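Structural features, examined
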Number of protein chains: 2
Amino acid sequence: LDWNGTIIPELKEIVGEENVVNHIIDLYVYSRDASIDTGWPAAVAFANTTDEVSKIVKLANKHGFSIIPRGAGSNVCGGVIPAKGDCLILVLARMNKVVNLDLENFIVTVEPGIVCLDLNTYLAPHGFYFPPDPASDKACTLGGMINNNSGGIRAVKYGVTENWVMGLEVVLSDGTIINIGNKAIKYVCGYDLVSLFVGSEGTLGIVTKAMLKIQPLPEIRLVASGYFNSAFEAGKCVREIIRRGFDPSGTEIMDYKTLKAVEEYSGKVKFPECGAVVLVELDGNKDDVEMRLDRLDLAFKEMGAIETAVARDAKTCEEVWAARKAAFPALTLRRPTARMEDVSVPLENLPVMFQKIDEVSAKNGIEIATFGHAGDGNLHPILLWDERDPDQHRRALQTLVDLWHAAIDLEGTVTGEHGIGVSKLMMMPVEHEAAVLELTKKIKHAFDPNNVLCPGHVIPIPGQRIDILEDVS
Amino acid sequence: LDWNGTIIPELKEIVGEENVVNHIIDLYVYSRDASIDTGWPAAVAFANTTDEVSKIVKLANKHGFSIIPRGAGSNVCGGVIPAKGDCLILVLARMNKVVNLDLENFIVTVEPGIVCLDLNTYLAPHGFYFPPDPASDKACTLGGMINNNSGGIRAVKYGVTENWVMGLEVVLSDGTIINIGNKAIKYVCGYDLVSLFVGSEGTLGIVTKAMLKIQPLPEIRLVASGYFNSAFEAGKCVREIIRRGFDPSGTEIMDYKTLKAVEEYSGKVKFPECGAVVLVELDGNKDDVEMRLDRLDLAFKEMGAIETAVARDAKTCEEVWAARKAAFPALTLRRPTARMEDVSVPLENLPVMFQKIDEVSAKNGIEIATFGHAGDGNLHPILLWDERDPDQHRRALQTLVDLWHAAIDLEGTVTGEHGIGVSKLMMMPVEHEAAVLELTKKIKHAFDPNNVLCPGHVIPIPGQRIDILEDVS
């Protein structure tokens, strides 16, 4: 395609001279996301309005290039990098306004580029918040959260992004702008198109506006911690806490290696010697939360905790969550390469999943530290290695594949909240029956017959190499 | 088609001689559901296994007949009656077993014919329940709840059926049996096909098994009632209760006419003179619920309640809910014809919706009694008339159309939890943009290219009359 002579000038006409870049340095920046995969775009455009997005999609159809929408680029599965050439990265990060706050109906309408934490900072003075809370909430955009159906710490009580999206404005693959959903909380007029777009990773349409349900802030949120001899025991404890009806708004686990990394990273936090910690947040009315917190502390001890701690004020709770959210950044500093995984298993199999992680780590000689949203059965094992060392790299990729299979063998999935992108394509046929893959392709074809949007994501394109071991074995 | 000579014998070979009927009396029974619409099937078959369902779907493709799956037949939108000839009603009510109870993972797997209340009766001794609770829970089947994405009283806190379905076994339109979803709570491997089937009213596939998330029973559930001078005031009160973070597990309204009907029906219940009652259920730990119940009672008074009542024990609460669930049966006795509507509006517009209902009723001279799930903005106005009187019937249908438009004018929908079926097809193009209808058709075509499943439901077929006023105006 003639990018320099035709496409780029036409793109510049749509979004303005300064909003299209294709210098090699720019392209390098947008050839990566937070995964370990890479892919080179032909150009990068920054959109400011839905109308611009629609025009660009029409241009893509005219010239035959493809488009990948991108927010903060914090995707960890290669979800915002090209899988083939002639691809435009369409950055929506500047479309970051609150369009409307409707406090009468507990609804906020936003553009897709708004950062999750910024939305909550905006809502707080009104006494509301948006519950889904990825650990990357300081960076990740709502558009990305919608495309990936992101979860987070509070998902154990409040569900994932899909549960909070009431309506969407979407630019379809031919440039048509549609509005779906309704301001009524319950709504069954026709198929649930909103839930189909949520989690479709940009392959079915480009989300340009979202109508979100918001929640009154609870009177109080407090956290109790239980330190256990092993991640196995910690996993059992979490299941029991759910079963007993504690109704926690967060149930996190960090293993020993993660705790050590956080200690080093922070330079001041000091954890007790243990195999793993369970962090449980309770939210609600003050008296009730304090009563349940005491019960929880007792329950930890009953279940064999070697030490417990209760954070009884907001400041201490913030410190606990800051430590948890520092886990990934802390671990990335330990080795040149860090890959965050996202396995999710039925609660019963959570303790065994920790054992499998250890086995896979030992077998391949690759260090893994694990934390995650244990109450959902969703763990983030972090693989640490040096990708410049071919032997280590080969072993690391084998470790990934072994981990994925372990999760599936335990009746789980390779992805609880991060998605497939280009990184996990090889596991789609392992998790899904052939007829289900066929149905997935039919949906994609119905929405995007010319494969304009994110080709090679979620569904492979002909010739695409999906076996991550192919290069190295 | 040759039903008697070919199709019926072949059906009998699949499900057994006694499980296929086509006597005129049988067909009459299955030509109706709980709506006011009718449609004649060619035959009725009762399936006992997924394999039988698959074989019947293959037979339908071979001979060119269509299929409508049916559970209890309690659909109120013509969702289980034929919209065209040569249609088989496939009754799944006998596939009503619990396939597996997995208490380790808080999951129950059921066949689609199981009745909602039966499921909860089964779960109760284990300390669990399935939260979605249509008022028809004594009759309605899980398959119907899934097809319609049913809500109910607890939806205000626990969401609708979609939020509790983790996986499905579905027979596709060509007879292929697929399994979708995962036992992991969080799951984003590919498109959310489960949410697409849920609420698709049987038009995309036939659900033959469902893996459901279940919830530990709360320690206690108690109900407070506030009696107000008008439904308008009651509507305002409900919104305020949500805003103040009471986190109710039920927020129902019944208007004066409904209360009078329930009094007559029960013969013993007696309500205070009022315009409407608000019933609020709180669930959770005993101490907390009791404390919040007292606060709620005060809040009712603050908001102008002319009388309040607090049910402090399980028996009294049951009586309150029995009265609420008697509302529809009680009203149906008042006139020969009763039609339950399902409008849903943003919370802010709930009080105004009550006024619109009164206006529409007065304009057309048709009695309407209203109750519903006010905390979701979802109301069930019940239209009462005598359909044998042509003039009344014409005015009743006009009332329906007026009601629907009123809900849409208030930024709501014609259906919060009952669906479109054949009864509300005319409103699909009013609620949806043309491009959205087009997308809906594309999905249907991708899943069911030969229109084997529920033709003329949700999406009209060529020549289908969808304007309910056409015959009578």
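Residues numbered from 1 in each chain as written. Chains lettered and ligands numbered in written order. Predicted model: local features only at pLDDT ≥ 70, side-chain atom pairs only at ≥ 80, totals over all residues. Heavy atoms only, no water.

On to the overall build of chain A, then. Helices and strands together make up the secondary structure of chain A, namely 16 helices and 18 strands. For chain A, the C-alpha radius of gyration of 22 Å lies close to 23 Å, the compact-globule estimate for 473 residues. Dimensions of chain A along its principal axes, counting C-alpha atoms only, are 70 × 60 × 45 Å. Split into buried and exposed, the 473 residues of chain A put 63% on the buried side. For chain A, long-range pairs separated by at least 24 residues make up 71% of all intrachain contacts whose partners lie at least 6 apart in sequence. Carbon and sulfur atoms form 50% of the exposed surface of chain A, whose accessible area is close to 16,600 Å². Chain A carries 46 positive and 65 negative side-chain charges, and their two centres are separated by 1 Å. (Helix = DSSP H or I, 4+ residues; strand = E, 2+ residues; numbered from the N terminus. Rg over C-alpha atoms; globule rule 2.2 N^0.38 Å. Buried < 20%, exposed > 50% of the residue type's maximum accessible area, 1.4 Å probe, protein only. Contact = heavy atoms within 4.5 Å. Areas by Shrake-Rupley, 256 points an atom, 1.4 Å probe, with all protein chains shown as cover. Lys, Arg positive; Asp, Glu negative; His and termini not counted. Charge placed at Lys NZ, Arg CZ, Asp CG, Glu CD.)

The next subject is the sheet that holds strand β13 (residues 250-255) of chain A. Working definition: the strands of a sheet are paired by backbone hydrogen bonds and lie parallel or antiparallel to each other. Residues and elements named next belong to chain A. Pairing within the open sheet is antiparallel, and its seven strands lie in the order β15-β12-β14-β13-β17-β18-β16. This sheet does not close on itself; its edge strands, each paired only once, are β15 (307-311) and β16 (337-340). Each strand of the sheet is rotated relative to its neighbour by a mean of 15 degrees, with strand direction disregarded. Where strand β12 (residues 220-228) and strand β14 (residues 276-284) come together, nine bridges link them in antiparallel fashion. Paired with Ile-220 across the strands is Gly-284, a residue of β14. Sheet strands touched by helix α8 (residues 231-243): β12, β13 and β14. Its angle to β14, the strand with the most contacts, is close to 20 degrees. Sitting on the sheet, helix α11 (residues 314-325) is in contact with β12, β13, β14, β15 and β17 (367-373), with an inclination near 55 degrees to β12. (Pairing = 2+ DSSP bridges. Axes fitted to C-alpha atoms, helices over the stretch in contact; angles between N-to-C directions.)

Here the focus is a nonpolar patch on the surface. Residues and elements named next belong to chain A. A cluster of nonpolar side chains, Ile-24, Ile-25, Tyr-28, Val-29 and Trp-40, forms an exposed patch at the surface whose accessible area comes to about 530 Å². Mapped onto the fold, Ile-25 is located in helix α2 (residues 24-29). According to the relative accessible area criterion, Ile-25 is exposed, its value standing at 54%. (Patch = residues over 30% accessible without salt bridge, like charges linked within 9 Å, V, L, I, M, F, W, Y side chains within 5 Å. Salt bridge = Lys/Arg side-chain N within 4 Å of Asp/Glu carboxyl O.)

Let us look at the relation of the copies chain B and chain A. You can overlay chain B on chain A at an RMSD of 0.0 Å; the transform is a turn of 180 degrees with a shift of 0.0 Å along its axis. Expressed as a symmetry operation, the mapping of one chain copy onto the other fits a two-fold axis. When C-alpha positions in chain B are compared against the rotation axis, the closest is assigned to Asp-288 of chain B, at 2.8 Å. Mapped onto chain A, 100% of the interface residues of chain B again fall at the interface, so both copies present the same surface. (Least-squares fit on C-alpha atoms with pLDDT ≥ 70 in both.)

It is worth spelling out the sheet that holds strand β8 (residues 165-171) of chain B at this point. Residue and element names in this part refer to chain B. Strand order in the open sheet formed by five strands is β5-β6-β10-β8-β9, with antiparallel pairing between adjacent strands. Because the sheet does not close on itself, it has two edges, and the strands there are β5 (98-102) and β9 (177-181). Each strand axis lies, on average, 10 degrees off the axis of its neighbour in the sheet, ignoring direction. One ladder, built from five bridges, connects β8 with β9; its direction is antiparallel.

A few words now on unusual backbone geometry. All names here are of chain B. Positive phi values are uncommon outside glycine, yet Asp-86 reaches one of about 50 degrees. Positionally, Asp-86 belongs in the loop between β3 (66-70) and β4 (87-91). Positive phi outside glycine occurs at Glu-411, with the angle close to 65 degrees. Along the chain, Glu-411 turns up in the loop between α14 (390-409) and α15 (428-431). Overall, the relative accessible area of 42% leaves Glu-411 in the partly exposed class.

All names here are of chain B. Where helix α13 (residues 350-364) contacts α14, the two axes come as close as 9 Å, and the packing angle between them is 155 degrees. When the axis of α13 is compared with that of α14, the two are roughly antiparallel. Seen from above, α13 lies across α14 with right-handed handedness. Across the interface between the two elements, Met-353, Lys-356, Ile-357, Val-360, Lys-363 and Asn-364 of α13 pack against Arg-395, Gln-398, Thr-399, Asp-402, Leu-403, Ala-406 and Ala-407 of α14. Residues of the contact of α13 with α14, tallied by class, amount to six nonpolar, three polar and four charged. (Parallel < 35°, antiparallel > 145°, perpendicular 65-115°, else oblique. Left-handed = near helix turned anticlockwise from the far one by under 90°. Nonpolar A, V, L, I, M, F, W, Y, C, P; charged D, E, K, R; others polar.)

Once that is clear, we can look at the packing of aromatic side chains. Using the criterion set out here, one finds 16 aromatic pairs over all chains in the structure. Taking 6.4 Å as the distance between ring centres and 55 degrees as the angle between the ring planes, the aromatic pair formed by Tyr-158 of chain B and Trp-164 of chain B counts as tilted. The class of Tyr-158 of chain B is buried, set by a relative accessible area of 14%. Of the aromatic side chains, those joined through ring pairs into one cluster are Tyr-129, Tyr-158 and Trp-164 of chain A. A cation over an aromatic ring shows up here: Arg-221 of chain A above the ring of Tyr-129 of chain A, its NZ or CZ 4.7 Å from the ring centre. Here Lys-213 of chain B stacks its cationic end above the ring of Trp-164 of chain B, 5.2 Å away from the centre of that ring. (Phe/Tyr/Trp six-rings, centres within 6.5 Å; stacked < 30°, edge-to-face > 60°. Lys NZ or Arg CZ within 6 Å of the ring centre and 35° of its normal.)

A separate point is the packing of helix α1 (residues 3-15) of chain B against helix α3 (residues 50-63) of chain B. Residue and element names in this part refer to chain B. Two elements in contact, α1 and α3, have axes separated by 10 Å at closest approach and are oriented at 165 degrees. On the basis of the axis angle, α1 is roughly antiparallel to α3. For α1 against α3, the interelement crossing comes out right-handed. Counting all contacts with α1, which are made through Thr-6, Ile-7, Glu-10, Leu-11, Ile-14 and Val-15, the residues of α3 involved are Glu-52, Lys-55, Ile-56, Leu-59, Lys-62 and His-63. Considering only residue class, the contact of α1 with α3 consists of six nonpolar, two polar and four charged.

Residue and element names in this part refer to chain B. By secondary structure assignment, the location of Lys-55 is in helix α3. Its relative accessible area of 42% is what places Lys-55 among the partly exposed residues. For Lys-55 and Cys-237, which are 182 residues apart along the polypeptide, the C-alpha to C-alpha distance reads 53 Å.

Okay, the side chain of Asn-349 of chain A next. You can see Asn-349 of chain A is positioned in the loop between β16 and α13 (350-364). Looking at Asn-349 of chain A, the relative accessible area reads 12%, which means it is buried.

All names here are of chain B. For β8, a buried count of seven out of seven residues is recorded, marking the element as mostly surrounded by other parts of the structure. With six bridges joining them, β8 and strand β10 (residues 206-213) adopt antiparallel strand pairing. Bridging from a neighbouring strand, Val-165 pairs with Leu-212 of β10.

The pLDDT averaged across chain A works out to 96; a share of 100% of its residues lies at or above 70. Two numbers describe this predicted complex: its pTM, 0.97, and its ipTM, 0.97. (pLDDT = per-residue confidence, 0-100.)

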